[in-house]
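# Examination of the molecular architecture
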Amino acid sequence: MARACASADSAIPVTCRIAVLASGRGSNLQALLDAIAAGTLPARIVGVFSDKAQAPALQRACDADIPALALDPNAFDTRVAFDHALFERVDESEADIIVCAGYLRLIDAGVVDARRGRIVNIHPSLLPAFKGLRTHRQALAAGVAEHGASVHFVTPDLDGGPVIAQARVPVLAHDSAETLAQRVLAREHPLLVETLHWLATGRIALAEDAVHVDDMALATPLQLGANNRFA
Ligand code: GRF
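Let me begin by describing the structure that accompanies this report. This is a predicted model, so every value here is computed, not measured.

## Some points on the overall build of the chain
For the chain, the count of helices and strands is six helices and eleven strands. The C-alpha radius of gyration computed for the chain amounts to 17 Å, which stays within 12% of the reference 17 Å derived for 231 residues, consistent with globular compactness. Per-residue burial over the chain gives 50% buried out of 231 residues. Looking at the chain alone, contacts between residues at least 24 apart form 64% of all its contacts between residues at least 6 apart. Only carbon and sulfur atoms are counted for the fraction: they give 53% of the accessible area of the chain, which is about 11,100 Å². Of the charged side chains in the chain, 20 are positive and 26 negative, and the gap between their average positions amounts to 4 Å.

Below is the structure:
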């Protein structure tokens, strides 16, 4: 079961500690930072971690006075050794929740299992459709009418963990992978913020391989409405 950051029935909200893993641009990280700064997400980002020293996400962290760290995977003998080293540093941040937001590495199964229910990932497709990379191209090639993004608990199965929530967008007649990616990204940001809000307030947890919301197993993922809230 995930450690809830705040009890839903607690009168005194406890600030949830979030660590973010990112390999690139960091626009999802920025969406979290902006929501926290605006007072709409009761959380604190306690560290940003990367496998790429040049990741713009690290600069966003520095601009927000948040500790940022990159480790070079090439400096480690094995992929597992790198994962252990990076997650040791993540653990030092005492994060309650670890968010993979554009983190482009597979994480070792043992490392994931040791933090079961505490790692979530945002993926640009309506899972279980279009796992892996180039999801927008995959969606166009499949000719689907609808595409979107999912936030899911991370398990050792690539993009295969229980899906918490989704945001949907239409695929338009003249879409390219780029225009579709832009439309999806615009929905990823509120999707991630709303999901983290529910996680931070203890409403969502992983139990017996299923997402539980307010202690009830979720039959289908939460859906982000036009008002950027879950219906
Ligand atoms: C997003 O599309 C996310 O869903 C995927 O990688 C991209 C990261 O974008 N996992 P950003 O770095 O948050 O801007």
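## Side note on the sheet that holds strand β1 (residues 16-21)
With mixed pairing, eight strands are arranged side by side in an open sheet as β3-β2-β1-β4-β5-β6-β7-β11. Two strands in the sheet have a free side with no partner beyond their single neighbour: β3 (68-70) and β11 (222-223). Across three bridges, strand β2 (residues 43-50) lies against β3 in parallel orientation. Paired with Phe49 across the two strands is Leu69, which belongs to β3. Across the sheet, helix α1 (residues 27-37) lies against β1, β2 and β5 (119-123), angled at about 160° from β2, the strand it touches most.

## A word on unusual backbone geometry
In this chain, Leu127 is followed by Pro128 through a cis amide linkage whose omega measures 15°. Look at Glu208: it is not a glycine, yet its phi comes out positive at around 50°. When you line up the elements, Glu208 lands in the loop between β8 (204-207) and β9 (210-213). Residue Asn228 is not a glycine yet carries a positive backbone phi of 65°. Looking at the element boundaries, Asn228 is found in the segment after β11.

How each quantity is defined
Residues numbered from 1 in each chain as written. Predicted model: local features only at pLDDT ≥ 70, side-chain atom pairs only at ≥ 80, totals over all residues. Heavy atoms only, no water. Helix = DSSP H or I, 4+ residues; strand = E, 2+ residues; numbered from the N terminus. Rg over C-alpha atoms; globule rule 2.2 N^0.38 Å. Buried < 20%, exposed > 50% of the residue type's maximum accessible area, 1.4 Å probe, protein only. Contact = heavy atoms within 4.5 Å. Areas by Shrake-Rupley, 256 points an atom, 1.4 Å probe, with all protein chains shown as cover. Lys, Arg positive; Asp, Glu negative; His and termini not counted. Charge placed at Lys NZ, Arg CZ, Asp CG, Glu CD. Pairing = 2+ DSSP bridges. Axes fitted to C-alpha atoms, helices over the stretch in contact; angles between N-to-C directions.

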